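# Chain and residue survey
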Amino acid sequence: MSKIISDDIDHVLLSEEQIETRCKELAAAIEKDYEDRHITPIVVGMLKGSVPFMAELIKYFRHPIEIDFISVSSYQGTESVGDVKIDKDMDLSSKGKNVLIVEDIVDTGRTLREVKKLFYNKGAEDVKIVALLDKPERRVVDIQADYIGFTIPNEFVVGYGLDYNQRYRNLPYIGVLKPEVYA
Ligand code: IMP
């Protein structure tokens, strides 16, 4: 029998049910903020890690939104590598728009700092961030997501969009890999 990806998981940190419940709460809070200001945001997913989170989150918005994606690269293996590079830009214009960036995790914060700057340089009216996970212990630049799903300890996690060398993104929960997987 060939191995399945869940065999590599040491333990589950956040279950699918926990994530779904939190997504409903986040969507309600976000929508209320935009609705109070009569704003239709562009919800921009950061490829590829945000895809499952974004798909879950936007299901619970009841008012109009636009969606788009951007791809930047900054990470190889388990350590962040300085500057980010824009691999795929958005299709829609963000000029004069209210952008909500959807990110899987805020780690050092370098990626989001660069992406936020990029949107303001392109003339966005306002840029907010929603992140499924936050690892505040790892932060090296002063940036904070406006909406956070879960704050987690300084541990490398996979699943629900998060990868280790491009694998495990399709796990329906957030987990920690067995140490031998890195060996
Ligand atoms: P930052 O620029 O250091 O904040 O890195 C953000 C990116 O690093 C995220 O979008 C993830 O792709 C990746 N990353 C950070 N921590 C983890 C982790 O625990 N597991 C998988 N990817 C991670």
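Our structure is the block above this text.
A few points on the structure. (Residues numbered from 1 in each chain as written. Predicted model: local features only at pLDDT ≥ 70, side-chain atom pairs only at ≥ 80, totals over all residues. Heavy atoms only, no water.)

As a further point, take the packing of aromatic side chains. A complete count under the given rule lists three aromatic pairs for this structure. Measuring from centroid to centroid gives 6.1 Å for phenylalanine 156 and tyrosine 164, while their planes differ by 80°, and the two rings are edge-to-face. According to the relative accessible area criterion, tyrosine 164 is buried, its value standing at 15%. With centroids separated by 4.9 Å and ring planes inclined at 75°, the aromatic side chains of tyrosine 164 and tyrosine 182 adopt a geometry described as edge-to-face. With a gap of 18 residues between them, tyrosine 164 in the loop between strand 7 (147–151) and strand 8 (174–177) and tyrosine 182 in helix 4 (residues 179–182) connect regions that are remote in the sequence. What makes tyrosine 182 partly exposed here is its relative accessible area of 33%. An aromatic cluster is defined as three or more aromatic residues linked by ring pairs; in this entry it consists of Phe156, Tyr164 and Tyr182. (Phe/Tyr/Trp six-rings, centres within 6.5 Å; stacked < 30°, edge-to-face > 60°. Buried < 20%, exposed > 50% of the residue type's maximum accessible area, 1.4 Å probe, protein only. Helix = DSSP H or I, 4+ residues; strand = E, 2+ residues; numbered from the N terminus.)

What follows concerns the nonpolar core. Ranked by internal contacts, the top residues of the largest apolar core, which has 27 residues, are Ile30, Phe53, Val130, Leu133 and Ile174. Residue contacts for phenylalanine 53: discarding those within four places in its chain leaves Cys23, Leu26, Val102, Glu103, Val130, Ala131, Leu132 and Tyr160. The next biggest cluster of nonpolar side chains, apart from the first, holds 21 residues, and it includes Val72, Ile101, Leu118 and Val127. (Core = buried A, V, L, I, M, F, W, Y, C linked by side-chain atoms within 4.5 Å. Contact = heavy atoms within 4.5 Å.)

Time to look at helix 2 (residues 51–58). Within helix 2, burial applies to Phe53, Met54, Glu56 and Leu57. All buried residues of helix 2 lie within an arc of 165° about the axis, which places them on one face of the element. (Arc of directions from axis to C-beta.)

In this section: the environment of isoleucine 105. Considering the arrangement of structural elements, one finds isoleucine 105 in strand 5 (residues 98–106). For the pair isoleucine 105 and proline 179, spaced 74 residues apart in sequence, the C-alpha separation works out to 21 Å. Excluding residues within four positions of it along the chain, isoleucine 105 makes contact with Leu133, Lys135, Ile152, Val157 and Leu162.

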